[in-house]
Amino acid sequence: MAKKKIKSAGSQQTNVEPQGMKAKFKEFGEFLEQSKVEMKKVIWPTQKETIQTCTAVLVLVVVMSLFLGVVDLGLSKFVEAILS
């Protein structure tokens, strides 16, 4: 578990553990607040940009699948011809 170091007046450091579940809920609340602030900074793509990039990815996947399928078929025929 995480421990916080606190400096006392005598320059000695002591380890203090958070106060159980209450501290965890507080930390989680702070996390959510910080996440909310960061999400407001995000510049989301438009619907048109999203469709264009998805289409580009799908076309690339189809082209690569066909290429790899042809290469695999060619190599398997080549190996079959050598072994028979």
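What counts as what
- Residues numbered from 1 in each chain as written.
- Predicted model: local features only at pLDDT ≥ 70, side-chain atom pairs only at ≥ 80, totals over all residues.
- Heavy atoms only, no water.
- pLDDT = per-residue confidence, 0-100.
- Helix = DSSP H or I, 4+ residues; strand = E, 2+ residues; numbered from the N terminus.
- Salt bridge = Lys/Arg side-chain N within 4 Å of Asp/Glu carboxyl O.
- Buried < 20%, exposed > 50% of the residue type's maximum accessible area, 1.4 Å probe, protein only.

Engineer: Would you mind going over the confidence of the model for the chain in detail, with residue names and values included?
Structural biologist: Averaged over the chain, the pLDDT score is 87; the fraction of residues at 70 or greater is 79%. Looking over the chain, one finds the lowest element-wise mean pLDDT in strand β2 (residues 13–16), namely 55, and the highest in helix α2 (residues 47–83), namely 97.

Engineer: Go over the pattern of salt bridges with me, naming the residues and quoting the values.
Structural biologist: Across all of its chains, the model carries one salt bridge by this definition. Put simply, E38 and K41 hold a salt bridge, and the shortest N to O gap is 3.3 Å. Of the two residues, E38 and K41 are both situated in helix α1 (residues 20–41); the distance of three residues between them amounts to about one turn of the helix. Overall, K41 belongs to the exposed group, its relative accessible area being 57%.

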